[in-house]
Amino acid sequence: MTTCQKTRPNSNYPNQLLQQYRNLREEKLKDAAKSTQTTAMLVITSLQKRLLSSIEAFARTLKVHRTGMEKQAAHRPSTHKASLPLLFESPGADDERAEFSEEEVIAEEDAQMAAASMQAAGQTARELAILDEMADVANSSRYQPDPRIQQLVEWIRQNLCPDLGQPNAAWLERRVIIFTEYTDTKRYLQQQLQSAIANSNREHERIDVFHGGIGEERREAIKSAFNADPARHPLRILIATDAAREGVNLQNNCG
């Protein structure tokens, strides 16, 4: 895993900055229209959810928000109130967007975040400074070991692959499903876990992903593989987004 020479900041530091930003936004917009206040707080809540999910999801969405604010500063605020469902939650299994490709979902999420950012009133110099500081912290943290990933890898070692880290390490006949809300987090998890299990037995067959928009044939192949007898199929770790969570039985060999 690539590391950065900077000292990792307090793990709660980005959240502290985001709370400062929220407080400043509330003060700045205390006399604004109720709809403007609601949209601004929806942006903050969306950033908070992504920060809890992963630093990858947070960093990308923060950049979209910052760009939207820059566009807002250069033009008159938009009076069009855009629909912003993806700022509330990612598409679930019963949402038509569940069948969109990952790229399409990300593009719509970004468009809604940008629209919400442009609808809010302009920011103060202090707010912009906090945005820049959050971006710096997020970007540096992206290359630091993530404690949650480290704990997950340790769980995998204890429960799925006792000799993980050793050449050709054998896998036990157990499986795990990891659900995540955001595509950025899914990709980050897949990259980090694939790196962690490198050089184990049949490493490239141990992890797969299950998400909306993958197509019926691919969906059925993954379901079949994950529900197969672990002694006969090497798949052990499945990373799934919320779009794949409901109405799918993946429990045959996964407690």
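Read on for an overview of the structure.

## A closer look at the pattern of salt bridges
Evaluation of the coordinates by the stated rule reveals 16 salt bridges. Its salt-bridge partner being E26, residue R22 comes within 3.4 Å of it at the nearest N-O pair. Residue R22 and its partner E26 are located together in helix α1 (residues 13-28), separated by four residues, close to a single helical turn. When the shortest N-O distance is used, the salt bridge between R202 and E205 registers 2.9 Å. A residue is classified by how much of its surface remains accessible, and E205, at 37% relative accessible area, is partly exposed. Each of R60, E109, D110 and D184 takes part in salt bridges that share partners, so that together they form one network.

## Let's talk about the environment of Y13
Mapped onto the secondary structure, Y13 falls in helix α1. Looking at Y13, the relative accessible area reads 25%, which means it is partly exposed. Ignoring sequence-local partners within four residues, the contact set of Y13 consists of E133 and V137.

## Section: the packing of α1 against helix α2 (residues 34-53)
At their nearest, the axes of α1 and α2 sit 10 Å apart, and the two run at 175° to each other. Classified by the angle their axes make, α1 and α2 are roughly antiparallel. Where α1 abuts α2, its residues P14, N15, L18, Q19, Y21, R22, R25 and E26 lie against M41, I44, T45, L47, Q48 and L51. For the contact of α1 with α2, the residue count by class is seven nonpolar, four polar and three charged.

## Observations regarding the sheet that holds strand β3 (residues 237-241)
Pairing in this open sheet of three strands is parallel, and the strands run β1-β3-β2 from one edge to the other. The outermost strands of the open sheet, each flanked by one partner alone, are β1 (176-180) and β2 (207-210). Adjacent strand axes in the sheet meet at a mean angle of 20°, parallel and antiparallel pairs treated alike. Pairing between β1 and β3: five bridges, direction parallel. Looking at the pairing, T180 lines up with T241 of β3.

## Structural notes on the nonpolar core
Nonpolar side chains in soluble globular proteins tend to end up buried together. Ranked by size, the top nonpolar core spans 23 residues in total, and within it L18, Y21, L47, F58, L62 and M134 carry the most contacts. Counting only elements with at least two residues in this core, the list comes to α1, α2, α3 (55-74), α5 (102-119) and α6 (125-141). When residues of this core are assigned to their parent elements, the largest contribution, six residues, is made by α2. When neighbours within four sequence positions are excluded, L18 is seen to be in contact with I44, L47, Q48, L51, F58 and M134.

## Some words on the pairing of β3
Buried residues dominate β3, accounting for five of its five residues. Where burial is concerned, the two faces of β3 agree: the one with I237, I239 and T241 and the one with L238 and A240 are both buried. Bridge count for β2 against β3 is four bridges, and the pairing is parallel. Considered in β3, the bridge of D208 is made with L238. You can see the chain leave β2, run along helix α9 (residues 216-227) and come back into β3, and the turn it takes is right-handed.

Cut-offs used in this document
Residues numbered from 1 in each chain as written. Predicted model: local features only at pLDDT ≥ 70, side-chain atom pairs only at ≥ 80, totals over all residues. Heavy atoms only, no water. Salt bridge = Lys/Arg side-chain N within 4 Å of Asp/Glu carboxyl O. Helix = DSSP H or I, 4+ residues; strand = E, 2+ residues; numbered from the N terminus. Buried < 20%, exposed > 50% of the residue type's maximum accessible area, 1.4 Å probe, protein only. Contact = heavy atoms within 4.5 Å. Axes fitted to C-alpha atoms, helices over the stretch in contact; angles between N-to-C directions. Parallel < 35°, antiparallel > 145°, perpendicular 65-115°, else oblique. Nonpolar A, V, L, I, M, F, W, Y, C, P; charged D, E, K, R; others polar. Pairing = 2+ DSSP bridges. Core = buried A, V, L, I, M, F, W, Y, C linked by side-chain atoms within 4.5 Å. Right-handed = clockwise from strand over helix to strand, strands pointing away.

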